[in-house]
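A closer look at the structure
Take a look at the letters that make up each chain.
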Amino acid sequence: MSWLEVIHPGVQSTVQDSGRRGYRHHGLAAGGALDLISFTWANKLLDNPRHAACLEIMLGGFRAIAQGSLQIAITGARTSVTVNGEPVELWRTLNLDDGDELTISHSVHNRLIYLAVAGGLDSPEQFGSRTVVVREKLEGRGPLKTVDKLVPREPQRKVPSREVPAHQRPDFSSEVVIGLIPGYQYSQFQRTDILRLTTSNYTVSDQSDRMGFRLQGPALDCPPPGIISEGIAHGSVQIPGDGQPIVLLNDGQTIGGYPKPGVVPILDCSRLAQQLPGGRVRFELCDLATAQNQRRLFELHYQNTRWCQNGQALEWL
Amino acid sequence: MIEPVSEDTILITLAPAIDDTLPARIASLVDSIRRAGFHWLVDMVPSYTTLMVVYDPVLVDFRQVTDKLRPIVHRLSTQGHTAELKSRLVELPVYYSAETGPDLQWLATESGLDCEEVIRRHSSVEYRVHALGFAPGFAFMGQVDPSIAAPRKTTPRKQVPAGSVGIANRQTAVYPQVSPGGWQLIGRCPTRLFDSTNLSLLKVGDRVRITPISREAFLAAGGELMP
C-alpha cells in the first residue's frame, strides 16, 4: 500500500468531497469543497469518481513524503510546488516515487489548493460524505495533523500523463465578478440599494471562512428588517443591519433570519472562495436559467467527456 | 407561494406569519413530497413558515420542479391537515437550577416572578418544534409563555454547555453540543439531542413536553454539571 505521510499540514487542510446530500434538515451543513471547479478538475485528471474526496489545503504551507509510489494531481491557487526541491506544475498528473518529498508553498495570490490521489482519498464516511466541517466539532472530524496519512481508496491505479487545457483552467485573477440571481427578499430591497450592490466594488474581508465570505464596500442604506428564519441556499447573500453583504458558503448555517437580495451561482462561489482578504469583488445580476444551464454543462462535462490520448484535451462522448 | 431561489433550491412559503398550526402543516407537506418519490429530490429544510426544497439541477430545471410541487402544495392548502393527530410527542426532562441555569434568577427578577413560577410556566406548555438549524440537532420550539419571554443576551456567551435549556423571545431550545450562544439559560436536559447514528432526536412538527427533574434524577440520567 502507498500513501502520503504529512510533515506540515498547513494552516488548515481538510478532507473534502462534494459534501453531504440530504442532511440539512438535521441542522447539518452541506460541507464539501469550496472551489468546486478546481476540486472537480483534480478528480477529472485522475479519472476519479465525480465525488471522490480530495485534500483542501488553505493557503498552502504543506509538506508530505510519499510512502510507496502514487499518482496525484494538484489544482487551485497559483503557488509553487516542488518534488524533492524540483519545481513541478499544477493542473496536471504527477507521479511520486517512494520517498519523494512534496512541498506546496504558501499561496500569496489565492486561497485554496486541491490535492487529489488516484482512486480518491480514503477517510471515514459520515452522513454519506467524507467532508470535514470543522465548526461542527463532530468527533474524529478535524483538520489534518502532522503524521496523518493520506491513503488512496484504490491503490496502484495509474492514468497516462495529462494536463488541464489552458483555456479550461479557471481565472483566479484579483478581481472577480460574481452573479446574483434575484430571489428571496429581492423585491423588499430599495431600488437604490440594489443598484449600489450591483455597481459597487467590494473587497473580501479577513473575517471570511468556510461558513461565508464577508464583503466590505459601500453599505446598503436601508436593508429590510430581519425576516422569519428560513432555509438558506448555498451562495445566499445575507445583508445584516450594517448593510455589508455576506455570501454564505458550504459550512454556513442551514436556516437564518437576515434578508437576502438573492443567491450567487455555485460556480461563481468557487471563484469567490479563491479570493484572499482584500480581493476585489463585484456583483452582476444574472438570471436563474443561465446559472442553471452553466451548472448543468459543468456537471455534464465531467460525466460525458474523456481524455484524448495525448492527455492535452478532452472530447465529448 | 412557490419561488425558485437558486440554481438548486425552491422555497415554498405557507403563511406570512408564525402560528402554532404551521409545524404540523409543514411536516405534512414534507411527508407528501417525500412520498411522491421524486428522483431529483435532494433535501427539504423546513422552517417556521417555509419549506426549502433542494433538488439536483442536472436532472430537472426550476420550472419542472415548480410544476411538480404546485399540485402537492395546493392539495395541502385545500384539504387541511391530518398530520395533527399523528405528530409525535417527545418528553424532555430538565433540571432547572442556579447551577445549570445561570440566567434563571435574572429571568425571575425580570419577570417579577419567583424561580418556581418561572419553572412552572416554562414546563406547563406543550411546545412544537418550528425549525431546526443553527447547529446539528438544535430545535427551535415555541411558544414560550409571554410572561417569561426574554430577549437574547446582548453579548453571547462564548461557551454554552451541552444540554443547556435557553429562552430567546418566545422560543425555547436545548443546546445539543457545547457552542457559543446568546439565549437566557434556565436549566439543563440530560437527553442527547443529536448523535452521529440517530441524527437529530427532534424534527419539525414534533410536540415536546418538558418535565422538571431533581438534581439526582439529572445525574442518574447521565447529566453533567460542568459549567
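Residues numbered from 1 in each chain as written. Chains lettered and ligands numbered in written order. Predicted model: local features only at pLDDT ≥ 70, side-chain atom pairs only at ≥ 80, totals over all residues. Heavy atoms only, no water.

**Here we look at the domain arrangement of chain A**
All names here are of chain A. Using the following cut-off: Domain ranges listed in this record stem from an automatic or a database domain assignment. Note on contacts: a residue pair is in contact if any heavy atoms of the two residues lie within 4.5 Å. Accessible-area loss on putting two parts together, using a 1.4 Å probe and summing over both, is the definition of buried area adopted here. Here, a salt bridge means any side-chain nitrogen of Lys or Arg that lies within 4 Å of a carboxyl oxygen of Asp or Glu.
As assigned here, chain A comprises domain 1 (3–163) and domain 2 (175–286). With centres defined by C-alpha atoms, the gap from domain 1 to domain 2 works out at 28 Å. Each partner contributes to the interface: domain 1 provides 31 residues, whereas domain 2 provides 24 residues. Carbon and sulfur atoms make up 51% of the surface buried where domain 1 meets domain 2, a total of about 1800 Å² over both sides. Counting the surface domain 1 buries against domain 2, the share from its top three residues, L34, R111 and R135, is 39%. Counting across the interface, domain 1 meets domain 2 through one salt bridge.

**What about the interface of chain A and chain B?**
Filter applied, for reference: Each helix is a run of H or I in the DSSP string that is no shorter than four residues. Each strand is a run of E no shorter than two, and both are numbered from the N terminus.
Opposite the 33 residues of chain A that make contact, chain B presents 42 residues. Around 3200 Å² of area is buried between chain A and chain B when both sides are counted, 61% of it from carbon and sulfur atoms. Among the residues of chain A in contact with chain B, H26(A), I228(A) and Q292(A) are the three that bury the most area, contributing 18% of the side total. At the junction of chain A and chain B, the tally comes to two salt bridges. E7(B) is paired through a salt bridge with R295(A); the nearest N and O atoms lie 3.2 Å apart. Of all the secondary structure elements, the ones that give two or more residues to the side of chain A that touches chain B are strand 16 (230–231) and helix 4 (288–304) of chain A. No other element matches helix 4 of chain A, which puts seven residues into the side of chain A that touches chain B.

**Considering the sheet that holds strand 12 (residues 184–188) of chain B**
All names here are of chain B. Put simply, the rule reads: Being paired, for any two strands, means DSSP has found at least two bridges between them. To get an axis, a line is fitted to the C-alpha atoms, and for a helix only the part in contact is used. The angle between two axes follows their N-to-C directions and goes from 0 to 180 degrees.
Reading around the circumference, 5-12-9-10-7-6-15 is the order of the seven strands in this closed barrel, with mixed pairing throughout. Here the strands of the sheet are splayed against their neighbours by 45 degrees on average, with no regard to which way each runs. Summarising the sheet, strand 5 (residues 89–96) and strand 15 (residues 207–212) pair through six bridges and their orientation is parallel. By the bridge assignment, P93 is partnered in strand 15 with T211. The sheet strands contacting helix 4 (residues 104–111) are strand 5, strand 9 (164–168) and strand 12, and the helix crosses strand 12 at an angle near 125 degrees.

**What to know about the packing of aromatic side chains**
Where two aromatic rings form a pair, the distance of their centres and the angle of their planes describe that pair. As a reminder of what qualifies: Between the rings of Phe, Tyr and Trp (Trp by its six-membered ring), a pair exists once the centres lie within 6.5 Å; its type follows the angle of the planes, with under 30 degrees stacked, over 60 edge-to-face, and the other angles tilted. Think of it in three bands: residues with accessible area under 20% of the maximum for their type are buried, residues over 50% are exposed, and the middle band is partly exposed, with areas taken using a 1.4 Å probe on protein chains only.
According to the stated counting rule, one finds 15 aromatic pairs over all chains in the structure shown. Pairing F39(A) with Y114(A) gives two aromatic rings, centres 6.4 Å apart and planes at 70 degrees, and the pair type is edge-to-face. With F39(A) in helix 1 (residues 36–45) and Y114(A) in strand 10 (residues 112–117), this pair connects stretches of sequence that are 75 residues apart. Residues F39(A) and Y114(A) agree in their burial class; the two are buried. When the ring of W40(B) is compared with that of Y55(B), the centres are 6.5 Å apart and the planes differ by 85 degrees; the resulting orientation is edge-to-face. Taken as a pair, W40(B) in the loop between helix 1 (22–35) and strand 3 (41–46) and Y55(B) in strand 4 (residues 50–55) lie far apart in primary sequence, 15 residues in all. Residue classification places W40(B) among the buried residues on the basis of a relative accessible area of 2%. The class of Y55(B) is buried, set by a relative accessible area of 1%.

**Observations regarding the domain arrangement of chain B**
It is common to give the size of an interface as the accessible area that goes away when the parts come together. All names here are of chain B. Note the cut-off: Polar contact criterion, stated in full: a pair of N or O atoms within 3.5 Å, where within protein one must be able to donate a hydrogen and the other to accept it, and residues adjacent in sequence count only if both atoms are side-chain atoms. Gly falls in the polar group here, along with every residue not listed as nonpolar (Ala, Val, Leu, Ile, Met, Phe, Trp, Tyr, Cys, Pro) or charged (Asp, Glu, Lys, Arg).
For chain B, the domain assignment lists domain 1 (2–85) and domain 2 (88–220). For domain 1 and domain 2, the distance between their C-alpha centres works out to 29 Å. Taken together, the ten residues of domain 1 in the interface contact ten residues of domain 2. Contact with domain 2 buries surface across domain 1, with D20, P23 and Y48 losing the most and accounting together for 56% of the total. At the junction of domain 1 with domain 2, the criterion picks out zero salt bridges. Across the domain 1-domain 2 interface, the total number found is one residue pair in polar contact (both at pLDDT 80 or more). Classifying every residue of the side of domain 1 that touches domain 2 by side-chain character gives six nonpolar, one polar and three charged.

**Details of the sheet that holds strand 21 (residues 280–285) of chain A**
Residues and elements named next belong to chain A. Here seven strands make up a closed barrel; going around it, the order is 13-20-17-18-15-14-21 and the pairing mixed. Examined bridge by bridge, strand 14 (residues 202–204) and strand 15 (residues 212–216) share two bridges and lie antiparallel to one another. Paired with V204 across the strands is L215, a residue of strand 15. Along the sheet, helix 3 (residues 266–273) makes contact with strand 13 (175–182), strand 14, strand 15, strand 18 (246–248) and strand 21, crossing strand 13 at roughly 150 degrees.

**Concerning helix 1 of chain A**
Residue and element names in this part refer to chain A. For helix 1, a buried count of ten out of ten residues is recorded, marking the element as mostly surrounded by other parts of the structure. Within the span of helix 1, buried status applies to L36, I37, S38, F39, T40, W41, A42, N43, K44 and L45. Where helix 1 begins, the side chain of D35 points an oxygen toward the backbone nitrogen of I37, at a separation of 3.0 Å. Just downstream of helix 1 lies D47, where phi reads positive at about 55 degrees.

**Some details on the pattern of salt bridges**
Scanning the entire structure with this criterion turns up 32 salt bridges over all chains. Between K203(B) and D206(B) there is a salt bridge whose closest N-O contact spans 3.6 Å. With a relative accessible area of 1%, D206(B) lands in the buried category. Through salt bridges with shared partners, a single ionic network connects R50(A), R295(A), E299(A) and E7(B).

**With respect to the pairing of strand 9 of chain B**
All names here are of chain B. Most of strand 9 is tucked away: five of the five residues are buried. By the alternation rule, side chains of strand 9 split into S164, G166 and A168 and V165 and I167, which are all buried. Pairing between strand 9 and strand 12: four bridges, direction antiparallel. Counted as the bridge partner of V165 is G187 from strand 12. Pairing between strand 9 and strand 10 (residues 171–174): four bridges, direction antiparallel. Bridge pairing in strand 10 places G166 opposite A173.

**Describing unusual backbone geometry**
Geometrically, the link from G142(B) to Q143(B) is a cis peptide bond, its omega value of -10 degrees lying close to zero. For Q143(B), the location among the structural elements is in the loop between strand 7 (139–142) and strand 8 (157–160). The phi angle at V147(A) is positive, at roughly 70 degrees, despite the residue not being glycine. Here V147(A) is to be found in the loop between strand 11 (121–122) and strand 12 (149–152). Positive phi, close to 55 degrees, is recorded for N169(B), a residue that is not glycine.

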